[in-house]
Amino acid sequence: MAGRLDSFTLIRAGLLIDGRGGPPLERAAVLVRGSSILAVGPEHEIAAPESAHAQTLDFSDRTVMPGMVDCHTHHNGFGDGRAGDDLAALSDETLTLQSARNARASLFTGVTTIRENGPKNATMLRLRDAVRQGVTVGPRMVLCGRPVSIIGGHMSYFGSVVTGPVEGRAMVRQLVKEGADYIKITATGGSTRTSYPLLPSFDVDELTAIAGEARKFGLLTAAHCTSTQGIVNSLDAGVDMIIHCIFREPDGRFDFKDDVADRLAERGAFVNPTLHVLRSRIWAALRNHGEAALTTAARRRMDEDERAFETAIEHTRRLIERGANVITGSDSSWGDYPLGNAVYETECLLMAGMPAMDAVMSVTSKAAKAIGVDETVGSIEPGKEADLIAVEGNPVENLDALWAVTDVMADGRLVERGSQESISATRQLRPASS
Ligand SMILES: [Zn+2]
């Protein structure tokens, strides 16, 4: 953009968390030139060149940190409990408009990069085009195009169904052609009505072909796994990220497998446990019915959901203890979890025993690494793009500071976030009895 390289912004920070894991720096400053970070350090060491016209942003009563990175979004979704099967029945036009609305919720709440995990057809590719054309605003987008599924498998309604290694390779090539940045695979069934969440979907030779073809083009892969055999198959195929990572047997039993967890940790595969999406179902049930009015069937479902959530927290705790690369990926707006609330997932990682600074990194630098954009974003360092946020409070002392985002900078520009009322309207509230 003409003239942008000569525009400097000096940002004063009461506290700076650069996202690299070191102790926060008091009275710091960040110098931005155009869209990228030029210098970072103690306030007295950082200044714009004397001749330059520099804008100053004074966040000396706030914490400045990297913009958040959400590794797992569903921008087509509503977060009001409707199933993916119901989303898929909507027109691409409606889904693209809803995605635009969700993209604003992401960006305005401080998420400056997302990785999209399951949109229908080309809806997100077209939304990204529209953002690039200046039609609307949104975070940086790392897109799969569509998830690759088996016939009847999880998210098969979104438009990329394949059978066998040959079709698997062909679909990867098709998605690359359309502009995909990574390949999402559903390695087990899921909430899709015609799928089997406790069974693997693809065979290992199919997964290997899909992952291998993605690697050939330099793309990362991520696999949805809601049962153990899917995790094992994905590791065999060399998949880079395990999503959900639910240790569950074909008969429905939860059974954490030490050997599989060790393999995950040794391989350095990233794990995205998606905890809050489970809690969201419980919250929605409490909110919709009130504890007393629950029917027997609803009560049973809630008990199952509570058990699934507690088990997932416990299994995530064991993964963290074993040194697995656990990161934040919200899975919103899937199910009852609306976009604009990624912090709840990071909160669940804290509940699973992740140290506070690691939790902050799980939604900044580690998340950026997990989705292959760490050379560009995820930390506040010279040479990186100026995606950062100002928050009230210190998120390492109290993660709730991440709800108190006062300013968002993306690409070196302050984002116009609209009214405080519209931002707080995206917040998913805790039910009174939780
Ligand atoms: Zn998902």
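Residues numbered from 1 in each chain as written. Predicted model: local features only at pLDDT ≥ 70, side-chain atom pairs only at ≥ 80, totals over all residues. Heavy atoms only, no water.

Engineer: So what exactly am I meant to see when it comes to the packing of helix H4 (residues 164-178) against helix H5 (residues 204-216) here?
Structural biologist: In a pair of packed helices, the angle between the axes and the distance between the axes together describe the arrangement. Interaxial distance between H4 and H5 falls to 8 Å at its minimum, and their mutual angle equals 30 degrees. Comparing the axis directions of H4 and H5 gives the class roughly parallel. As for the relative orientation of H4 and H5, their crossing is right-handed in sense. Only Asp 205, Glu 206, Ala 209, Ile 210, Glu 213, Ala 214 and Lys 216 of H5 make contact with H4, whose side of the interface consists of Gly 164, Pro 165, Gly 168, Arg 169, Val 172 and Arg 173. Taken together, the residues that form the contact of H4 with H5 break down as 5 nonpolar, 2 polar and 6 charged. (Axes fitted to C-alpha atoms, helices over the stretch in contact; angles between N-to-C directions. Helix = DSSP H or I, 4+ residues; strand = E, 2+ residues; numbered from the N terminus. Parallel < 35°, antiparallel > 145°, perpendicular 65-115°, else oblique. Left-handed = near helix turned anticlockwise from the far one by under 90°. Contact = heavy atoms within 4.5 Å. Nonpolar A, V, L, I, M, F, W, Y, C, P; charged D, E, K, R; others polar.)

Engineer: Quick question: what am I supposed to make of the sheet that holds strand E4 (residues 54-66) here?
Structural biologist: Paired through their backbone hydrogen bonds, the strands of a sheet run either parallel or antiparallel. With respect to topology, 7 strands assemble into an open sheet ordered E3-E2-E1-E4-E13-E14-E15, the strand pairing being mixed. Looking at strand neighbours, the two that pair on one side only are strand E3 (36-42) and strand E15 (413-414), the edges of this open sheet. When strand E1 (residues 8-16) meets E4, the two strands line up parallel, connected through 8 bridges. Bridge pairing links Leu 16 to Val 64 in E4. (Pairing = 2+ DSSP bridges.)

Engineer: Just checking my understanding: could you explain the sheet that holds strand E10 (residues 241-243) for this structure?
Structural biologist: On the basis of which strands lie adjacent, the open sheet formed by 5 strands has the order E8-E9-E10-E11-E12 and parallel pairing. The sheet is open, and its two edges are formed by strand E8 (182-186) and strand E12 (325-326), each paired on a single side. In the sheet, strand E11 (residues 270-272) pairs with E12 via 2 bridges, with the strands oriented parallel. Bridge pairing in E12 links Phe 270 to Asn 325.

Engineer: Even after reading the chapter, I still don't get empty space enclosed by the protein, so can you show me in this structure?
Structural biologist: Over the atoms rolls a probe the size of a water molecule, and in doing so it shows where empty space is left. Under the counting rule described, the total for this entry stands at 1 cavity of 30 Å³ or more. A volume near 30 Å³ is recorded for the largest cavity. In terms of lining residues, the largest cavity is bounded by Asp 70, Ser 106, Thr 109, Val 111, Leu 339, Gly 340, Asn 341 and Ala 342. (1 Å grid on protein atoms, 1.4 Å probe; cavity = no way out; pocket = protein on both sides within 12 Å on 5 of 7 lines; lining within 4 Å. Points joined across faces, edges and corners; volume = space filled by probe spheres on them.)

Engineer: Teacher, can you tell me more about the coordination of the zinc ion here?
Structural biologist: The textbook angles at a metal center are 109.5 degrees for a tetrahedron of four donors and 90 or 180 degrees for an octahedron of six. Donor atoms from the polypeptide that coordinate the zinc ion comprise His 72 (NE2), His 74 (NE2) and Asp 331 (OD), at 2.0 to 2.1 Å from the metal. The sequence pattern describing where the donors of the zinc ion fall on their chain is H-x1-H-x256-D. Each member of the pair, His 72 as well as His 74, is classed as buried. (Donors = N, O, S within 2.8 Å, 3.2 Å for Na, K, Ca; no water. Buried < 20%, exposed > 50% of the residue type's maximum accessible area, 1.4 Å probe, protein only.)

Engineer: Even after reading the chapter, I still don't get the pattern of salt bridges, so can you show me in this structure?
Structural biologist: A side chain with one charge may pair with a side chain of the opposite charge, provided their charged atoms come close. Throughout the structure, instances matching the rule amount to 31 salt bridges. Residue Asp 251 is joined to Arg 253 by a salt bridge in which the shortest nitrogen-to-oxygen separation is 3.1 Å. Close ionic contact of Arg 281 with Asp 305 constitutes a salt bridge, the shortest N to O distance being 2.9 Å. Taken as a pair, Arg 281 in helix H8 (residues 276-289) and Asp 305 in helix H9 (residues 296-321) lie far apart in primary sequence, 24 residues in all. Looking at Arg 281, the relative accessible area reads 33%, which means it is partly exposed. Here the residues in one salt-bridge network are Asp 18, Arg 20, Glu 381 and Lys 384, joined through shared partners. (Salt bridge = Lys/Arg side-chain N within 4 Å of Asp/Glu carboxyl O.)

Engineer: Would you mind going over the side chain of Ser 149 with me for this structure?
Structural biologist: Relative to the elements of secondary structure, Ser 149 occurs in the loop between strand E7 (140-142) and H4. The exposure class of Ser 149 is buried, given its relative accessible area of 0%. Those residues in contact with Ser 149 that lie beyond four places of it in its chain are His 154, Met 155, Ser 156, Ser 160, Val 161, Val 162, Thr 186 and Phe 202.

Engineer: I'm lost on the domain arrangement of the chain in this one. Help?
Structural biologist: It is common to give the size of an interface as the accessible area lost on bringing the parts into contact. Domain assignment breaks the chain into domain 1 (4-67 + 380-421) and domain 2 (68-369). On a C-alpha basis, the centres of domain 1 and domain 2 stand 30 Å from each other. Taken together, the contacts link 26 residues of domain 1 with 23 residues of domain 2. The contact between domain 1 and domain 2 buries some 1900 Å² in all, and 72% of this surface belongs to carbon and sulfur atoms. On the domain 1 side of the interface with domain 2, the three residues burying the most area are Gly 67, Leu 399 and Trp 403, jointly 31% of the side's total. Taken together, the connections running from domain 1 to domain 2 amount to 3 salt bridges. For Arg 140, the salt bridge is made with Asp 387, and the minimal N-O distance between the two is 2.6 Å. Linking domain 1 with domain 2 are 4 residue pairs in polar contact (both at pLDDT 80 or more), by the criterion used here. Ranked by residues supplied to the side of domain 1 that touches domain 2, first place goes to strand E14 (residues 405-410) with 4 residues. Counted by class, the side of domain 1 that touches domain 2 contains 15 nonpolar, 4 polar and 7 charged residues. (Domains from an automatic or database assignment. Buried area = accessible area lost by both parts, 1.4 Å probe. Polar contact = N/O pair within 3.5 Å; in protein donor to acceptor, adjacent residues only side chain to side chain.)

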